[in-house]
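A structural walkthrough
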Amino acid sequence: MITIKKISELSVGHYVVAIAEQTGQFTLTQPDYIKSKLVIRNLSKKGVLSVKVDISKSLDIKKNNQNVETAVDYPIAPFPQTPVIRDLNKARKLFNESKEIQQQVITDVQNGRQLDLRPVANITGETMEAIMKDPDALACVINIREKDAYLLEHSISVSVLITIFARYLGFKKKIIHQLAIGAFLHDVGKIKIPDNVLNKPAKLSHDEFELMKTHVNHSIKIVKNLPGISNAALSVVALHHEKLTGNGYPLQLNAEKISRYGRMITICDIFDALTADRVYKEGYCHVKAFSILRKLAQQNELDRPLVDQFIKCMGIYPVGTLVELNSHRLAIVDGRNQEDPIRPKVRSFYNVEHQHYMMTEDIDLAVNEDYIVKGVRADDFNLDMNKIVEFLLMEG
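Residues numbered from 1 in each chain as written. Predicted model: local features only at pLDDT ≥ 70, side-chain atom pairs only at ≥ 80, totals over all residues. Heavy atoms only, no water.

1. Some thoughts on the state of the cysteines
What the rule picks out here adds up to zero disulfides. Unpaired in terms of disulfides, C268 finds its nearest cysteine sulfur in C313, a separation of 8.1 Å. Taking the relative accessible area as the measure of exposure, C268 reaches 0% and is therefore buried. Of the residues examined, C313 reaches a relative accessible area of 0% and is grouped as buried. (Disulfide = S-S within 2.5 Å. Buried < 20%, exposed > 50% of the residue type's maximum accessible area, 1.4 Å probe, protein only.)

Written as structure tokens, this is what we have:
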């Protein structure tokens, strides 16, 4: 049910879907909850007079006697508020070490050797501890990675994503570690898929897709025989392509039989697949990927509350992603503003009009008149993401 409310009638918990009347040119990035009174004040400053509110999705804060941030049945862990671009070396090192271990896993499977779970458990444990201290650093590494070795990097990235997500949801560390291990190994069965199908630079035929789907069965067979593997880790491997509608694979489970772990891994897996460059397509920007996740949730394929929590967890503009500012500059997101998620901290570095790098500037959009026009990709401007990061690190 959509109703129009004046700014003075808005309160924390209302779900705003569009601007109804304004004196300025403010654009609502996407429908979202009013998370704080600061958001209402900022809308008023931008000249917004009234908005369209979906009452059916709005949270009754008085009834729940809770803030929107904690209107769930688990604790929400806070995220660091400090910039991360200047401190990527440790996170990069951890990601590269993970790639070495993932490569060993692939090699062992290819040669028919028994996998050693210990290196996987150790590296995912180190990653988890790093994320507990600063989830944004590793999230940033995922967003700026070269993405030229999808099979190698995808499982690592999904492992990082589910670790960040589970931390945000307040899971115990033991469970988070088990989920991270499962995610690290969830696609290991793809090694059994012929290369001409796995890396086909075009849409798969029906028979090819049926063959591709068997990678989950291969993954289950490989992982369930590992000494010390937990049920939580195995469920992540087994359920990452199941859908709540029962149209997933390989078991075509309905919603009642898909655990929260299974629902989480599916979201993380799809998100990384959407944003990564593949042999047959370029990745989407994060805002577009979030939109697709929401659409899948609306179609009841994904868990809608978990999708909303995942987007909130990652941030509308995740750290490490590129944005175009109203001032015709490109900037990289360098930190989040929990109170005002559509206005993160950024570092500008490129003049769009004159098409050249420029002296970097740290900007907190929550207190600056500049604002984000849209999320973009480096490819949109014929730029290389790795060169961008090296330039930013060189600038200090």
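From this point, things continue past the structure.
2. A few points about the sheet that holds strand β3 (residues 32-33)
The strand order across the open sheet formed by four strands is β1-β4-β2-β3, and the pairing between neighbours is antiparallel. The outermost strands of the open sheet, each flanked by one partner alone, are β1 (2-6) and β3. (Pairing = 2+ DSSP bridges. Helix = DSSP H or I, 4+ residues; strand = E, 2+ residues; numbered from the N terminus.)

3. Re the packing of helix α3 (residues 89-110) against helix α6 (residues 150-168)
Packing of α3 against α6 leaves a shortest axis separation of 9 Å and a crossing angle of 120°. As far as their axial angle goes, α6 and α3 are oblique. Handedness of the α3/α6 crossing: right-handed. Every residue of α6 that contacts α3 at F95, S98, K99, Q102, Q103 and I106 is listed here: L152, E153, S155, I156 and S157. Its residues placed into classes, the contact of α3 with α6 shows four nonpolar, five polar and two charged. (Axes fitted to C-alpha atoms, helices over the stretch in contact; angles between N-to-C directions. Parallel < 35°, antiparallel > 145°, perpendicular 65-115°, else oblique. Left-handed = near helix turned anticlockwise from the far one by under 90°. Contact = heavy atoms within 4.5 Å. Nonpolar A, V, L, I, M, F, W, Y, C, P; charged D, E, K, R; others polar.)

4. With respect to the packing of aromatic side chains
Going through the model one piece at a time under the given rule, you end up with nine aromatic pairs. Between F349 and Y350, the aromatic rings sit 6.4 Å apart at their centres with planes inclined by 50°, giving tilted as the arrangement. Arranged with centres 6.1 Å apart and planes meeting at 35°, the rings of F349 and Y357 form a pair that is tilted. The structure contains a cluster of three or more aromatic residues connected by ring pairs, namely F165, F271, F290 and F310. (Phe/Tyr/Trp six-rings, centres within 6.5 Å; stacked < 30°, edge-to-face > 60°.)

5. A short note on the confidence of the model for the chain
Residue-level pLDDT values for the chain average 85, and 89% of them are 70 or greater. Per-residue pLDDT, averaged within each element of the chain, yields its smallest value for helix α2 (residues 61-64) (38) and its largest for helix α7 (residues 173-185) (96). Counting contacts from residues 61-77, a segment whose pLDDT is below 50, to residues more than four positions away or on other chains yields 31 contacts. (pLDDT = per-residue confidence, 0-100.)

6. A short note on the sheet that holds strand β8 (residues 356-364)
Spatially, β8-β7-β6-β5-β9 is the arrangement adopted by the five strands of the open sheet, whose pairing is antiparallel. Bordering the open sheet on either side are β8 and β9 (372-376), each of which pairs with just one other strand. With direction set aside, neighbouring strand axes in the sheet form an average angle of 30°. When strand β6 (residues 329-335) meets strand β7 (residues 345-351), the two strands line up antiparallel, connected through six bridges. The residue bridging I332 from the neighbouring strand is R347, located in β7.

7. What to know about the pattern of salt bridges
Overall, the coordinates contain 17 salt bridges when judged by the stated rule. For the salt bridge of E361 with R329, the shortest nitrogen-to-oxygen distance reads 2.8 Å. Of this pair, E361 sits in strand β8 while R329 sits in strand β6; the two residues are 32 residues apart in sequence, bridging distant segments of the chain. E361 gets classed as partly exposed once you look at its relative accessible area, which sits at 37%. (Salt bridge = Lys/Arg side-chain N within 4 Å of Asp/Glu carboxyl O.)

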